[in-house]
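Listed below are the residues making up each chain.
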Amino acid sequence: MEIKTNKEIRDYKESIFWGLSLRQFLFSCLGIGVSVGIYFLLRNRLGTGAVSWACIFGMLPCALLGFVTYNKMPAEKFLWAVIKSEILTPKKLTVKTTNIYYSLINERQETHSDKKNRVEKKKRIHQNASERAGHHSGKNRL
């Protein structure tokens, strides 16, 4: 006797009826109900071929919701992710890079140039003051 076990425990799905999970079984029943309803609504108005296509297209969303998974997400979660990423979030993404090394060097150069400017300004002020004192004393001597 052989017992099948999944390699990954999270991949385990319990089968309820005919090898279907509960989700698949419920959506199959819903799809059958939709198809039967479409058949009885349209059988007197359309031909047999058109009614059968209407039943197929009416059942298709139920089958997709019950059986389709993508990246371990059921169909409704996948559809919500698609709607959110394509419609609700902005398409234009702006990326603003920051170069930390450049900003630190630039900051240091600015502080260094500020110190240098202050020193030069003090020198100019001192030089202007000494020139004024020299000019005044020179005028007084003449």
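Only a predicted model underlies this, so the values are computations on that prediction, with no experimental measurement involved.

Engineer: Please clarify how the overall build of the protein chain should be interpreted in this entry.
Structural biologist: Regarding its fold elements, the protein chain presents 4 helices and 2 strands. In the protein chain, the succession of helices and strands from N to C terminus is α-α-β-β-α-α. Counting all 142 residues of the protein chain, 10% fall into the buried class. The contacts of the protein chain with a sequence gap of at least 6 include a subset with a gap of at least 24, amounting to 43%. For the protein chain, the computed accessible surface area is about 13300 Å², with 61% contributed by carbon and sulfur atoms.

Engineer: What's the story with the packing of aromatic side chains in this structure? I'm lost.
Structural biologist: One pass over the full model with this rule turns up 2 aromatic pairs. Taking the centre distance of 5.4 Å and the plane angle of 70 degrees together, the rings of Tyr 39 and Phe 40 count as edge-to-face. Take Tyr 39: its relative accessible area is 38%, and that puts it in the partly exposed class. With centroids separated by 5.8 Å and ring planes inclined at 25 degrees, the aromatic side chains of Trp 53 and Phe 57 adopt a geometry described as stacked. On the criterion of helical spacing, the pair formed by Trp 53 and Phe 57 is a turn pair, its members being 4 residues apart in helix 2 (residues 48-67). Taken as a pair, Trp 53 and Phe 57 share a single burial class, namely exposed.

Engineer: Where do I start with helix 1 (residues 22-42) in this structure?
Structural biologist: Residues three or four positions apart in an α-helix share a direction because the helix packs 3.6 residues into each turn. Given a rise of 1.5 Å per residue, 21 residues ought to cover 30 Å, and the 30 Å separating the end C-alpha atoms of helix 1 matches this to within 8%. Considering only its buried residues, helix 1 is in contact with helix 2.

Engineer: Please clarify how the packing of helix 1 against helix 2 should be interpreted in this entry.
Structural biologist: Between two packed helices, the angle of one axis relative to the other and the distance separating the axes together describe the packing. The contact between helix 1 and helix 2 brings their axes to 8 Å, and the two run at 160 degrees. With respect to helix 2, the element helix 1 is oriented roughly antiparallel. Here helix 1 and helix 2 pass one another in a crossing that is right-handed. Every residue of helix 2 that contacts helix 1 at Arg 23, Gln 24, Phe 27, Ser 28, Leu 30, Gly 31, Val 34, Ser 35, Ile 38, Tyr 39 and Leu 42 is listed here: Val 51, Ala 54, Cys 55, Gly 58, Met 59, Cys 62, Leu 65, Gly 66 and Phe 67. By residue class, the composition of the contact of helix 1 with helix 2 is 13 nonpolar, 6 polar and 1 charged.

Engineer: Looking at this model, I keep getting lost on the confidence of the model for the protein chain. Mind explaining?
Structural biologist: A low pLDDT means the predicted coordinates there should not be read in detail. When pLDDT is averaged along the protein chain, the result is 76; 82% of the residues meet or exceed 70. Averaged pLDDT values over the elements of the protein chain bottom out at 71 in helix 4 (residues 100-141) and peak at 85 in helix 1.

Here is what the cut-offs are and how they apply
- Residues numbered from 1 in each chain as written.
- Predicted model: local features only at pLDDT ≥ 70, side-chain atom pairs only at ≥ 80, totals over all residues.
- Heavy atoms only, no water.
- Helix = DSSP H or I, 4+ residues; strand = E, 2+ residues; numbered from the N terminus.
- Buried < 20%, exposed > 50% of the residue type's maximum accessible area, 1.4 Å probe, protein only.
- Contact = heavy atoms within 4.5 Å.
- Areas by Shrake-Rupley, 256 points an atom, 1.4 Å probe, with all protein chains shown as cover.
- Phe/Tyr/Trp six-rings, centres within 6.5 Å; stacked < 30°, edge-to-face > 60°.
- Expected span 1.5 Å × (residues − 1).
- Axes fitted to C-alpha atoms, helices over the stretch in contact; angles between N-to-C directions.
- Parallel < 35°, antiparallel > 145°, perpendicular 65-115°, else oblique.
- Left-handed = near helix turned anticlockwise from the far one by under 90°.
- Nonpolar A, V, L, I, M, F, W, Y, C, P; charged D, E, K, R; others polar.
- pLDDT = per-residue confidence, 0-100.

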